Amino acid sequence: MLTRRRKALMLLETPPVKEEVKKMTLLSLPDVPLVLILSYLSPKDLIATGQADPRLAALTREHSKLWRGRVCTDRYYFKSVPELMGLVRVVPPVHKVKFEVKRSPMILAHFEKFDRQSAAYATTTLALEGPDMECCVAVIQEIKSALEYVEVTGLDRGLEVLLESLQVSPPPFVKCLEIRLESYFSKCLHWWPMGKVVPKLRSLVLLSSGEYFDGVKQCGPDPSLLDALRSLMRAHSNRLIYVRLGSPQMLPLLNACSAALPTLSLTVAADQGAGLKHLRSLKDIRIHMNQDKFHVDTFLKSSTAPLQRLDLRNCSDRLVRSLGTLSLGSLQHLALTCGYSGWTVGALQVALAGMPNLQSLHVLGVRKPRPFELLTRVSSAAIPKLTLLLFTDACGRTTDNSPSVDFWNDFDSNDSMDSDSDSSPPPPPPPRGYLGATACEDLVRRAPSKELHIAVCFTWSHKGILFFEHSKSVEGCALCDQASTAVTYRCGKEAKLDELIQVQ
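Residues numbered from 1 in each chain as written. Predicted model: local features only at pLDDT ≥ 70, side-chain atom pairs only at ≥ 80, totals over all residues. Heavy atoms only, no water.

### Looking at the environment of leucine 361
Then step 1. Tracing the chain through its elements places leucine 361 in strand E15 (residues 360-364).
Then step 2. Separated by 25 residues in the primary sequence, leucine 361 and leucine 386 have C-alpha atoms spaced 7.7 Å apart.
Then step 3. Ignoring any residue separated from it by four or fewer positions in sequence, one finds leucine 361 in contact with Leu334, Leu348, Leu352, Leu386, Leu388, Leu389 and Leu390. (Helix = DSSP H or I, 4+ residues; strand = E, 2+ residues; numbered from the N terminus. Contact = heavy atoms within 4.5 Å.)

### Concerning helix H5 (residues 81-88)
Then step 1. All buried positions along H5 are accounted for by Val81, Leu84, Met85, Leu87 and Val88. The buried residues of H5 all sit within an arc of 155° when viewed along its axis, so they share a single face. (Buried < 20%, exposed > 50% of the residue type's maximum accessible area, 1.4 Å probe, protein only. Arc of directions from axis to C-beta.)

### A word on the environment of histidine 462
Then step 1. Mapped onto the elements, histidine 462 comes out in the loop between strand E17 (453-458) and strand E18 (463-468).
Then step 2. The spacing of histidine 462 and aspartate 498 is 36 residues in sequence and 9.5 Å in space, taken between C-alpha atoms.
Then step 3. Other than its neighbours up to four places away in sequence, histidine 462 contacts Cys491, Glu494, Ala495 and Lys496.

### Regarding the side chain of threonine 392
Then step 1. Here threonine 392 shows up in strand E16 (residues 388-393).
Then step 2. Classification of threonine 392 by relative accessible area gives buried; the value is 8%.
Then step 3. Engagement of the side chain of threonine 392 in a polar contact is seen with the backbone nitrogen of glycine 365, the distance being 3.0 Å.
Then step 4. Sequence-distant contacts of threonine 392, defined by excluding residues within four places in its chain, comprise Val363, Leu364, Gly365, Val366, Pro371, Cys457, Thr459 and Cys491. (Polar contact = N/O pair within 3.5 Å; in protein donor to acceptor, adjacent residues only side chain to side chain.)

### Details of the side chain of histidine 190
Then step 1. Assignment of secondary structure puts histidine 190 in the loop between strand E6 (176-182) and strand E7 (203-209).
Then step 2. A distance of 3.4 Å separates polar atoms of two side chains, one belonging to histidine 190 and the other to glutamate 164.
Then step 3. Residues within four places of histidine 190 in sequence aside, it is in contact with Glu160, Leu163, Glu164, Gln167, Ala228 and Ser231.

### Considering the pattern of salt bridges
Close approach of charged atoms allows side chains with opposite charge to pair.
Then step 1. Counted according to the given criterion, the structure contains 16 salt bridges.
Then step 2. Ionic pairing is found between aspartate 156 and arginine 103, a salt bridge with its closest N-O pair at 2.7 Å. Here the residue aspartate 156 occupies a position in the loop between strand E5 (149-155) and helix H7 (159-168), and arginine 103 occupies one in the loop between strand E2 (94-101) and strand E3 (107-118), the gap between them amounting to 53 residues.
Then step 3. For arginine 313, the salt bridge goes to aspartate 311, with nearest N and O atoms at 3.0 Å.
Then step 4. On the basis of relative accessibility, which here comes to 31%, the residue arginine 313 falls in the partly exposed class.
Then step 5. On the basis of relative accessibility, which here comes to 6%, the residue aspartate 311 falls in the buried class.
Then step 6. One connected set of salt bridges, linked through shared partners, spans Arg103, Asp156 and Arg157. (Salt bridge = Lys/Arg side-chain N within 4 Å of Asp/Glu carboxyl O.)

So this is what it looks like as structure tokens:
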């Protein structure tokens, strides 16, 4: 029989039971601190971490804030599309895919960028190089759940494979489709039926490069190819709001554009194709001329729509002057990019004579005469409603490390490179360090609207000046914001208006 004393001694002699210590790992952490740790990793390390464990893959994919604004320079090689999906499943859903056809057995992938659209939302751009359209179609079908933009380049065969896939199993959220053909001279035996559509498609971009010499003349794409693309356009005629025919070979497709199309962009080389008469709802048109053989004035006269925006690239002096005869009374925004031949001083005044409702004017690429010299010939009557004028100046301010006026004069064959130097004293420094300051200030004073803002962007330094009449103390000026946005759009993200001048 055990006594109380004996029981106490037995308890003292029994060694204590050690509690089992659980091992602590990274995966033992809750999601919140784990995501915080992942936020310190580079895109390369995030990809490696996501491929290591399914839970980590779910976290790296679901939390877009881990990727926004990041740059990933690493390239990945795969033998098949299933191997590629192992990489795609650890990143945020792909919103933009850029596929380039390369005659290589391997698939090359890299993430071009992770755009930051908001504080908590990032879009993923996946750039791929693959051997054929079958590979491209397989990728699109795998990532189509969030896909919004599809770009296919270097396509020289197999367009019917892409069109068939989009027709049978259309990506539900694709808004823009861009197809760049390269020396595509094969037949394309596909016809897109009228009843089938890509439900969210709003923008279509078609380009073609390369020519084939058949022994007699230069030939463009096979007619069956144009028929296939024409059927695609007509099936989506009531959905498209933007069409770009980015090469002269695609211009025959102009007649397939819907009468309700509001925005059109063309690249032309010579008079060809249909006019604009059937585009009764056209409001915005952009035309890039590869040659001066295309008569834009005749082309624009064929339009019966009240144009609001007009953007012309590679403009000659003859074209600029002809704009004043086109009766563009509804035009509100005009952008002109100078060609190689330059303009005469009075060309801009002649062009503006027939645009009484113009509110915004962009003049780009003029080197000779200097852009501000064009302003001296513009009368107040020609700009009754103009509120924003933007022009680029390649010479810059005297304080900038920019080429002088004489530098650009050397490109003019009429100027002598060996002329004797002038012994007269140097002229006084220009006001405010810029030769065109007086002309800009004078036009701001003369403008009938009394709200004219003139933005000058110097293309060499990516800096600029903004001239205006209101007080600098005015906050939230919409026109100042528009000028800043226009400079960024026309001259690049690094361009900035670093000097604000109030005109007295």
